[in-house]
Amino acid sequence: MILGNWRTSAVFCWLILSVAIALAPASAAASEFHFDRDTVGFANSTVFEYREGHPSLRQREKGEPKRYTRRCFVLCRTTMQFQKFARFDPHAAPLDDNALAVRIRNVTHRAAWGKPLPAAQRFVFPGYANLRAMSEARREVVRANIGLGWPTYFRLGNARMLFQHDSNYHKETHANLNAALARGELFVGFLTTYPRLSINHAVLVYKRKPGSQHSGIDRYLVYDPNHPESPRELTWSSRDRAFAYQKDWDFIGGFVRVYQIYGKPLQ
């Protein structure tokens, strides 16, 4: 009886250890990225007005300043680039606007899919604790130096939405998403419902919610440039082999196609 208990305990301990090892990379990766620290503190504005997720033309009021629009791809890419190539020194004096602009472009001109730089080789941003703090305090300088929005409409990778629709492709994307998070990487996804036009948007996936994979629904936390105030949620259904995105004022919610971007050249 004692021997049987010992064997049962040994098997139980082995199972616990195996699960811990399998989950460790994803947990470690998630702990390195913090929404309130590592995302941009201002919002991308939508071109259209939305009511319950349905778009309508927006009339610009006389004298209204130019709005910061069409930058969801840009803000996701910038967040990834700062995570890989920059570090912050809150104890040093901040740079002036010209010097800060040059330093920002040093980061955003690097290929987003490149390997992270060692700490000693990263571009240093003095005067701020993190990207969130700097982008809130120096919003206009950041906006002016991270890139234009309109070129993202002409990315070669966008063409995938015209012909890569089947569930097998998106099952592969789901596997690639999990693999990227397990390696400690961020995953930028292009969300679309083409040929419908209910969403045409980029988000950055940074963490899988613990335990969600056992329910048949994987739940992921994302940085959505339209909603810098809090994380959004992307889900994957194993049964339906499909992604879905959280409902909000700018999206009716539900099914979306997801295409990885900035994971490699021409993607």
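All of these numbers come straight from a predicted model, not from anything done at the bench.

What counts, and where the lines are drawn
- Residues numbered from 1 in each chain as written.
- Predicted model: local features only at pLDDT ≥ 70, side-chain atom pairs only at ≥ 80, totals over all residues.
- Heavy atoms only, no water.
- pLDDT = per-residue confidence, 0-100.
- Contact = heavy atoms within 4.5 Å.
- Pairing = 2+ DSSP bridges.
- Helix = DSSP H or I, 4+ residues; strand = E, 2+ residues; numbered from the N terminus.
- Axes fitted to C-alpha atoms, helices over the stretch in contact; angles between N-to-C directions.
- Phe/Tyr/Trp six-rings, centres within 6.5 Å; stacked < 30°, edge-to-face > 60°.
- Buried < 20%, exposed > 50% of the residue type's maximum accessible area, 1.4 Å probe, protein only.

Can you walk me through the confidence of the model for the protein in this structure?
Interpretation of this model should avoid reading the predicted coordinates in detail wherever pLDDT is low. Chain-level statistics for the protein give a pLDDT mean of 86 and a share of 81% at 70 or above. Throughout residues 1-30 the model reports pLDDT below 50, and contacts reaching past four residues in sequence, or to other chains, amount to nine contacts.

Please explain the sheet that holds strand S10 (residues 254-261) as it appears in this structure.
Backbone hydrogen bonds are what pair the strands of a sheet, in a parallel or an antiparallel way. Read around the closed barrel, the six strands follow the order S5-S6-S7-S8-S9-S10; overall the barrel is antiparallel. Strand-to-strand twist in this sheet, taken as the mean axis angle between neighbours without regard to direction, amounts to 45°. When strand S5 (residues 187-192) meets S10, the two strands line up antiparallel, connected through five bridges. In the strand pairing of S10, Val188 is matched with Ile261. On top of the sheet, helix H3 (residues 72-85) reaches S5, strand S6 (200-208), strand S7 (217-223) and S10; it is set at about 30° to S6, its chief contact. Contacts between helix H7 (residues 167-182) and the sheet are confined to S5, S6, S7, strand S8 (232-237), strand S9 (242-245) and S10, with S10 contributing the most and set at about 60° to the helix.

For this particular structure, what's the right way to read the packing of aromatic side chains?
One pass over the structure, following the stated rule, counts 13 aromatic pairs. With a centroid separation of 4.9 Å and 40° between ring planes, the pair formed by Phe33 and Tyr206 is classed as tilted. A residue pair is termed long-range when its members are at least 10 positions apart, and Phe33 in the loop between helix H1 (2-32) and helix H2 (35-38) and Tyr206 in strand S6 qualify at 173 residues. Residue class for Phe33 comes out buried when judged on its relative accessible area of 3%.

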